Amino acid sequence: MVFVSVSLEPIKTIYNDWIINRDARLYNLEHSGQVCYLRKVLNDRFDSTQRRIQIADGNQYDRTYIYTRVEQNPKYLGKLTLHSRSDYADTGVDFIVYAPSSIITENNYAIEALVNEYKQDVKRFKVVGL
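Keep in mind the model is a prediction, meaning the values are calculated, not measured.

For the rest of this paragraph, the subject is helix H1 (residues 2-30). Because an α-helix completes one turn every 3.6 residues, residues spaced three or four positions apart along the sequence face the same direction. Spanning 29 residues, H1 covers 41 Å between terminal C-alpha atoms, matching the ideal 42 Å at 1.5 Å per step. At Glu 9, H1 is bent by approximately 35°, the largest bend along its length, and proline Pro 10 sits one to four residues beyond.

What follows deals with helix H2 (residues 35-46). Given a rise of 1.5 Å per residue, 12 residues ought to cover 16 Å, and the 16 Å separating the end C-alpha atoms of H2 matches this to within 8%. Inspection of H2 places Leu 38, Val 41, Leu 42, Asn 43 and Phe 46 among the buried residues, and these make up the whole buried set. The elements touched by buried residues of H2 are H1, strand S1 (54-57), strand S2 (95-99) and helix H3 (101-118).

Another aspect to go through is the confidence of the model for the protein. For the protein, per-residue confidence averages 84 on the pLDDT scale, and residues scoring 70 or more make up 92% of the total. The weakest mean pLDDT in the protein belongs to H1 at 88; the strongest belongs to H2 at 92.

What follows deals with the nonpolar core. Membership of the largest hydrophobic core comes to 17 residues, with the highest contact counts inside it found for Leu 38, Leu 42, Phe 46, Phe 95, Val 97, Ile 111 and Val 115. The set of elements that each furnish at least two residues to this core consists of H2, S2, H3 and strand S3 (125-129). Broken down by element, the residue count for this core peaks at six residues, all from H3. Sequence-distant contacts of Val 115, defined by excluding residues within four places in its chain, comprise Leu 38, Leu 42, Phe 95, Val 97 and Phe 125.

Criteria and thresholds
- Residues numbered from 1 in each chain as written.
- Predicted model: local features only at pLDDT ≥ 70, side-chain atom pairs only at ≥ 80, totals over all residues.
- Heavy atoms only, no water.
- Helix = DSSP H or I, 4+ residues; strand = E, 2+ residues; numbered from the N terminus.
- Expected span 1.5 Å × (residues − 1).
- Bend = angle between axes of the 7 residues up to and from the residue.
- Buried < 20%, exposed > 50% of the residue type's maximum accessible area, 1.4 Å probe, protein only.
- Contact = heavy atoms within 4.5 Å.
- pLDDT = per-residue confidence, 0-100.
- Core = buried A, V, L, I, M, F, W, Y, C linked by side-chain atoms within 4.5 Å.

Structure (structure tokens):
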């Protein structure tokens, strides 16, 4: 009886590994890059109790040109707000992942890797701390 139990141990190990891998793959297939699923996946992985990770549309500010390079004629336009390069409509991000700063400092690369795994390839994003 011991011989049969010992000889079946590698098969049990392979079977258990297969079940774990199967469950992980089914979880991946059940979720997509849609905002609701992506938010759920991020919260399941990094903030399962409080679920504070949110996803919002990216900023889509229009550029204000003071003058063209050819004109080299600066003009006074009053008060202007400066935004980062990723906040403009033509070169900006498509969505922003908001997460608590403590989660970002511990898992920044993991968060980006997980978002890259689920998002569409043409979508751009950034991770911002709350």
